[in-house]
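Each chain, letter by letter, is given below.
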Amino acid sequence: MKPLLSPRDLAKAIGVSESSIKRWVDDGAIEATKTAGGHRRIALSEAVRFVRESRSVVVRPDLLGLREMAAVGAELPSRGDEAERLFDYLKAGAAAEARGLLLSLYLAGRSVAEIVDGPLRTAMERIGELWIEEETGIFCEHRATEIAFRAVTQIRGLFAPAEQAPLALGGAAEGDPYTLPTMSAAAVLESVGWRAVNLGPNTPIDSLLLGVESLHPRLVWLSVSAVVDREALAQKVKRLVSYLADGPVSLALGGSALAELDLAPHSQLHVGEKMGELEAFAKGIALAAGPALSPVETHG
Ligand code: B12
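Values in this document were obtained by computation on a predicted structure and should not be read as measured data.

### Focus on the sheet that holds strand β1 (residues 4-5)
Within the open sheet, the three strands sit side by side as β1-β3-β2. Their pairing is antiparallel. Both outer strands of the open sheet, β1 and β2 (33-34), are each paired with one neighbouring strand and no more. Bridge count between β2 and strand β3 (residues 40-43): two bridges; the pairing is antiparallel. In the sheet register, Thr 33 faces β3, and the bridge partner there is Arg 41.

Here you go:
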């Protein structure tokens, strides 16, 4: 992906004149920096924000460093068919098409949370049923997970969180090998202006605590998609909750196996079934804390 674009690149990418882009920059509709020689340069994250908000059509995605979008063409599937189309790509191992579809949905204005909770989750659910009927099911599942992971990583790469943006830290619990949910949580948080440090799958709760002590995040997320020792993990999560209790750090929990832990409600504990809830929760924290914590840029 290109980190900085010239007005000419962006103009060609969305099929408008270079002078229009320069005018929008000068009017403040597009944020840009200037090179030592006085040339306007637009950050990719800003170009993406503009494309989404102005509902521009990307005609030359390669100029944004997003050539995968060309693989799906200009015609996006209708809402009801998105998951089906993604499932077909994931099942067939069509990596560029899968990435192109998810990127296109994002550039067309859908939020990261909507994409993850919608087509991505549904397509992965269907991928998860393949092993029951097909010998190649597990092969397909592993390949699809890798393709989806890379797609979410690529979307995450479109954000450039500001240094002063609030920090979130999280991962998948110990014994949990699932990579997509926790990576998606990081992408969702960055899409609404947070900085996110994802510790990834199989993160010991004690290591998460060490991370809290050293990084001082404002929000901690924990995704639980697989539980090995129910009792032991429930105890550790309870310890995490009481460690964070009454402090400034909020805890968000979710994941398809979270219910197995049977956690009692707690004022510091925010349980969600979808990424949309994590997004709303993060936005709420930033709003309640006022400008000191408010994300600088919001793309959601
Ligand atoms: C990929 C996958 C795997 C991969 C994961 C690889 C990887 N690198 O991540 C691997 C190969 C490890 C795997 C292993 C197994 N799997 Co598996 N797996 C899946 C699959 C297909 C997709 C999961 C996924 O990533 N989904 C995409 C994410 C984005 O969606 P999500 O997990 O639903 O998360 C959503 C919410 O929970 C929420 N959320 C998640 N985290 C958080 C966090 C916060 C804070 C919030 C607010 C919300 C939130 O938002 C997300 C988006 O809406 C699911 C299918 C399914 N129905 O889920 C099966 C599935 C979960 N697996 C299943 C099974 C049976 C297994 C195995 C037992 C298979 C085996 N015989 O070995 C093992 C067990 C592993 C273990 N240690 O427990 C079953 C579970 C059935 C059950 N309920 O018991 C499923 C449902 C498949 C099926 N239909 O049979 N699996």
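From this point, the discussion proceeds with the structure in view.
### Concerning the nonpolar core
Counting residues in each nonpolar core, the largest one holds 83 residues, and the members touching the most others are Leu 90 and Ala 148. The element that contributes the greatest number of residues to this core is helix α6 (residues 112-127), accounting for eight residues. Excluding its chain neighbours within four sequence positions, the residues that come into contact with Ala 148 are Leu 90, Ala 98, Leu 120, Met 124 and Leu 180.

### A few points about helix α11 (residues 230-244)
When the terminal C-alpha atoms of α11 are compared, their 21 Å separation across 15 residues agrees well with the 21 Å that a helix rising 1.5 Å per residue should span. Close packing links the buried residues of α11 with α10 (205-215) and β7 (250-254). Backbone geometry just after α11 places Asp 246 at a positive phi near 65 degrees.

### Focus: the environment of Ala 226
Residue placement: Ala 226 occurs in the loop between β6 (219-223) and α11. Spatially, the C-alpha atom of Ala 226 lies 16 Å from that of Leu 199, the residues being 27 residues apart in sequence.

### Re helix α3 (residues 44-53)
Side chains that are three or four residues apart share a direction in an α-helix, a result of its 3.6 residues per turn. Turning to α3, its buried residues number three or more, namely Leu 44, Glu 46, Ala 47, Val 48 and Val 51. In this fold, the buried residues of α3 make contact with β1, α1 (7-14), β3 and α5 (95-107). Arg 55 lies just past α3 and shows a positive phi near 55 degrees.

### Focus on the domain arrangement of the protein chain
For an interface, size is often stated in terms of accessible area lost upon the parts coming together. Here the domain parsing of the protein chain yields domain 1 (4-54), domain 2 (70-156) and domain 3 (167-289). In this structure, domain 1 and domain 3 have C-alpha centres spaced 37 Å apart.

Cut-offs applied
- Residues numbered from 1 in each chain as written.
- Predicted model: local features only at pLDDT ≥ 70, side-chain atom pairs only at ≥ 80, totals over all residues.
- Pairing = 2+ DSSP bridges.
- Helix = DSSP H or I, 4+ residues; strand = E, 2+ residues; numbered from the N terminus.
- Core = buried A, V, L, I, M, F, W, Y, C linked by C-beta atoms within 7 Å.
- Buried ≥ 20, exposed ≤ 12 C-beta atoms within 10 Å, placed from the backbone.
- Contact = placed C-beta atoms within 7 Å.
- Expected span 1.5 Å × (residues − 1).
- Domains from an automatic or database assignment.

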